[in-house]
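# Structural characterization, general
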Amino acid sequence: MQAVANKLQERMGTIPTDIQPEYKPVEGGATMKALAWFGTNDVRVISAPIPDITEPDDVILQVTGSTICGSDLHLYHGEIMALQKGDILGHEFMGKVFKVGPNVKNLKTGQRVVASFQISCGKCEYCKDNLSSFCDRTNNSSLQNYMYGQRDAGFFGYSHFTGGFPGGQAEYVRVPIGEVNLLPIPDNVSDEKALYLSDVLPTSYHTVVDTGVKPGDVVGVWGLGPIGQCAARWAILKGASRVIGIDRVPSRLSFAESNGIETIDFSQHSDVTKRIYELCPRGLDVALDCGTFHEPKTLTHKIQKTLMLETDVPETINEMIVSVRKMGRCGIIAAYAGFANNVNVGALMEKGVRLIGNGQAPVRKYWEEILNDYIIPGKFDPTFMITHRVPIDDMAKLYRAFDNRIDGVEKVFVETQFSSAPSAGCPAISRVDDWST
Ligand SMILES: NC(=O)c1ccc[n+]([C@@H]2O[C@H](COP(=O)([O-])OP(=O)(O)OC[C@H]3O[C@@H](n4cnc5c(N)ncnc54)[C@H](O)[C@@H]3O)[C@@H](O)[C@H]2O)c1
Ligand SMILES: [Zn+2]
Ligand SMILES: [Zn+2]
């Protein structure tokens, strides 16, 4: 798939954008540690050139915190198009400002900042509404334009389908348009509390807000990885009367239960919808897809996906459509790439279900609100989901461990040579080889 996608992209040429993805290496040839993609299930920690200021709006960060996201697993499985060997991955990271380009006025060397996972221009129609993930001017992928009719913003470390920008699972990153894409962090907010403003916090908040969770709602959350655990928490903060989480990983189910979420283990209840109606005869008010499309559970979709008759699977979407009440709302924040067969379009139409593609979360719309209204006053402490801390040297092993969900892993803090010591109450450093399987 990668070869075909890259060929097509090459043939169509790139679309002009405000910024270019490639960076200029620093003079002298100094290198850094970075995680790069080489093929399906093949990622490696490599020595890569340290980026220098390439365009006048750039900021170079020394990364003080990075992590892995469920979206990285789609890359790991080779299910996002237009990956190229040697691409540096990682879209959720924070750091200290190391160098600023001549146009950058609001940031100083040494300042602590968190990066938005998407790169937005700050000026287009979407950026003016803070819909940063939908920025029109930063993603050069003609392939995405062909498939979707339009393009998302460029993303860090997320294939040439989203612009081909090197990512933040690295010791240094070049952040284009740094004034727009970096948020300064106050001294009294620890790195562990700030890092996830990059992605998982705005993303999980966005699905709850965009799908319209209201006080009293009964909410179903498919997938209890970091996104699902946070979405469940936001739903309760927005007044949901009950949250029912669906997964099959025992540690994730019991973690959700310890946080007041009812659960359904789909390895025990193969008919998830039937179980939902047993627990909630009226049907759910809201269903949120926080799962993943690369793990089909029915034979028919295993076969269709293997034969490339579909790129994605509709199982969760169908369960959500059937499980909500008439006029219920279903939000999809889980990433999908292309096509899924057998969608229950009859139930969707006849029940008047509102099926909402939440899109990639517009980080800039929410990050200040989450920092100022939830993290600083202590209403939402993101450290609840951090289970491990590892050095960047273990990044490739972390992909395997996170994919296999071993040792109760939820969210991980990845440190570099520039990181501070762990904050009180947060996990100490561990090595992936020492995790239990
Ligand atoms: N839209 C965005 O802006 C955005 C941003 C970040 C992540 N995401 C997406 O959100 C999703 C979740 O991310 P994460 O970091 O929590 O990932 P994760 O892989 O850690 O968690 C996914 C969970 O879904 C569960 N699951 C798999 N199939 C399921 C099924 N049929 N029913 C119920 N649960 C099922 C898995 O067991 C796993 O626990 C991913 O698809 C990711 O790509 C989207
Ligand atoms: Zn992500
Ligand atoms: Zn824009």
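Residues numbered from 1 in each chain as written. Chains lettered and ligands numbered in written order. Predicted model: local features only at pLDDT ≥ 70, side-chain atom pairs only at ≥ 80, totals over all residues.

### A few points about the domain arrangement of the protein
- Assigned domains of the protein: these are domain 1 (2-199 + 362-434) and domain 2 (204-357).
- Computed from C-alpha coordinates alone, the two centres of domain 1 and domain 2 are separated by 27 Å.
- The partner domain 2 presents 16 residues to the 18 residues of domain 1 that form the contact.
- At the level of elements, helix 2 (70-76) and helix 14 (363-375) are the ones that each hand at least two residues to the side of domain 1 that touches domain 2.
- A per-element tally of the side of domain 1 that touches domain 2 places helix 2 first, with 4 residues.
- Here the residues of the side of domain 1 that touches domain 2 sort into 8 nonpolar, 5 polar and 5 charged. (Domains from an automatic or database assignment. Contact = placed C-beta atoms within 7 Å. Helix = DSSP H or I, 4+ residues; strand = E, 2+ residues; numbered from the N terminus. Nonpolar A, V, L, I, M, F, W, Y, C, P; charged D, E, K, R; others polar.)

### A few points about the UniProt feature "domain: Alcohol dehydrogenase-like N-terminal" (unreviewed entry) in the protein
- According to UniProt, the "domain: Alcohol dehydrogenase-like N-terminal" (unreviewed entry) feature falls on residues 56-186.
- The distance separating the terminal C-alpha atoms of residues 56-186 is 26 Å; by composition the span is 17% helix and 25% strand. (UniProt positions renumbered as here; feature names shortened; annotations may be inferred.)

### As for the environment of Gln150
- When you line up the elements, Gln150 lands in the loop between helix 4 (142-148) and strand 10 (154-155).
- By the C-beta count within 10 Å, which is 10 here, Gln150 ends up exposed.
- Separated by 140 residues in sequence, Gln150 and Glu10 have C-alpha atoms that sit 18 Å apart. (Buried ≥ 20, exposed ≤ 12 C-beta atoms within 10 Å, placed from the backbone.)

### Topic: the nonpolar core
- If you look at the biggest cluster of nonpolar residues, it comprises 121 residues, and the most contacted ones within it are Val219, Val221 and Ala231.
- A domain-level breakdown of this core finds at least three residues from each of domain 1 (2-199 + 362-434) and domain 2 (204-357).
- What Val219 contacts, discounting residues up to four positions off in sequence, is Val213, Ala235, Ala240, Val243, Leu284, Asp285, Val286 and Leu288. (Core = buried A, V, L, I, M, F, W, Y, C linked by C-beta atoms within 7 Å.)

### What to know about unusual backbone geometry
- One non-glycine residue, Ala82, adopts positive backbone phi at about 65°.
- Residue position: Ala82 is located in the loop between helix 2 and strand 6 (87-88).
- Exposure remark for Ala82: the 24 C-beta atoms within 10 Å place this residue in the buried category.
- Within the chain, Ile177 stands out as a residue other than glycine whose phi angle is a positive 45°.
- Within the secondary structure layout, Ile177 lies in the loop between strand 11 (172-175) and helix 5 (178-181).

### Let's talk about the packing of helix 7 (residues 200-210) against helix 14
- At a closest axis distance of 9 Å, the pairing of helix 7 and helix 14 adopts a crossing angle of 105°. Relative to helix 14, the element helix 7 is oriented roughly perpendicular. Contacts from Leu201, Pro202, Tyr205 and His206 of helix 7 reach helix 14 at Val363, Tyr366, Trp367 and Ile370.
- Residues belonging to the contact of helix 7 with helix 14 are distributed by class as follows: 7 nonpolar, 1 polar and no charged. (Axes fitted to C-alpha atoms, helices over the stretch in contact; angles between N-to-C directions. Parallel < 35°, antiparallel > 145°, perpendicular 65-115°, else oblique.)

### Concerning the site of ligand 1
- Every one of the 32 residues lining ligand 1 counts as a neighbour, but Gly70, Ser71, Gly223, Gly225 and Ala335 are closest to it.
- When contributions to the shell around ligand 1 are tallied by element, the ones reaching two or more residues are helix 2, helix 8 (226-237), strand 14 (242-247) and helix 12 (315-323).
- For the shell around ligand 1, the element with the highest residue contribution is helix 2, accounting for 4 residues.
- Looking at which domains feed residues into the shell around ligand 1, each of domain 1 (2-199 + 362-434) and domain 2 (204-357) gives three or more. (Near = placed C-beta within 6 Å.)

### Some thoughts on the pairing of strand 18 (residues 354-357)
- Looking at chain direction, strand 17 (residues 324-332) and strand 18 are connected through 4 bridges and run parallel. By the bridge assignment for strand 18, Cys330 is matched with Leu355.
- In this region the chain leaves strand 17, passes through helix 13 (residues 345-350) and returns to the parallel neighbour strand 18; the handedness of that crossover is right-handed. (Pairing = 2+ DSSP bridges. Right-handed = clockwise from strand over helix to strand, strands pointing away.)

### Details of the environment of His301
- Mapped onto the fold, His301 is located in helix 11 (residues 299-306).
- Put simply, His301 and Val313 are 12 residues apart on the chain and 6.5 Å apart in space, counted from C-alpha to C-alpha.

### Details of the packing of helix 10 (residues 272-279) against helix 12
- Contact geometry for helix 10 and helix 12: axes closest at 9 Å, N-to-C directions at 30°. Between helix 10 and helix 12, the interaxial angle falls into the category roughly parallel. As helix 10 runs across helix 12, the sense of the crossing is right-handed. Residue-level contacts link Val272, Thr273 and Ile276 of helix 10 to Glu319, Val322 and Ser323 of helix 12.
- The residue inventory of the contact of helix 10 with helix 12, partitioned by class, reads 3 nonpolar, 2 polar and 1 charged. (Left-handed = near helix turned anticlockwise from the far one by under 90°.)

### Structural notes on the UniProt feature "domain: Alcohol dehydrogenase-like C-terminal" (unreviewed entry) in the protein
- Under the UniProt annotation, the feature "domain: Alcohol dehydrogenase-like C-terminal" (unreviewed entry) is placed at residues 226-291.
- For residues 226-291, the helix share is 44%, the strand share is 24%, and the end-to-end C-alpha distance is 10 Å.

### Structural notes on helix 9 (residues 250-258)
- Among all positions in helix 9, only Arg252, Leu253, Phe255 and Ala256 are buried. One side of helix 9 carries all its buried residues, which in axial view fall inside an arc of 165°. Residues Pro250 and Ser258 are exposed on helix 9 and point more than 90 degrees away from its buried face.
- Structurally, helix 9 contributes buried residues whose contacts are with helix 8, strand 14 and strand 15 (262-265).
- Phi for Gly260, located one or two positions after helix 9, is positive at around 85°. (Arc of directions from axis to C-beta.)

### Remarks on the sheet that holds strand 16 (residues 284-289)
- With parallel pairing, 6 strands are arranged side by side in an open sheet as 15-14-13-16-17-18. Two strands lie at the open edges of the sheet, namely strand 15 and strand 18, each paired on one side alone. Along the sheet, successive strands turn relative to each other by an average axial angle of 20°, direction set aside.

### A closer look at the confidence of the model for the protein
- When pLDDT is averaged across the protein, the result is 97; 100% of the residues are at 70 or more.
- At the level of individual helices and strands, the protein shows its lowest average pLDDT in helix 1 (residues 2-12), which scores 83, and its highest in strand 13 (residues 218-222), which scores 99. (pLDDT = per-residue confidence, 0-100.)

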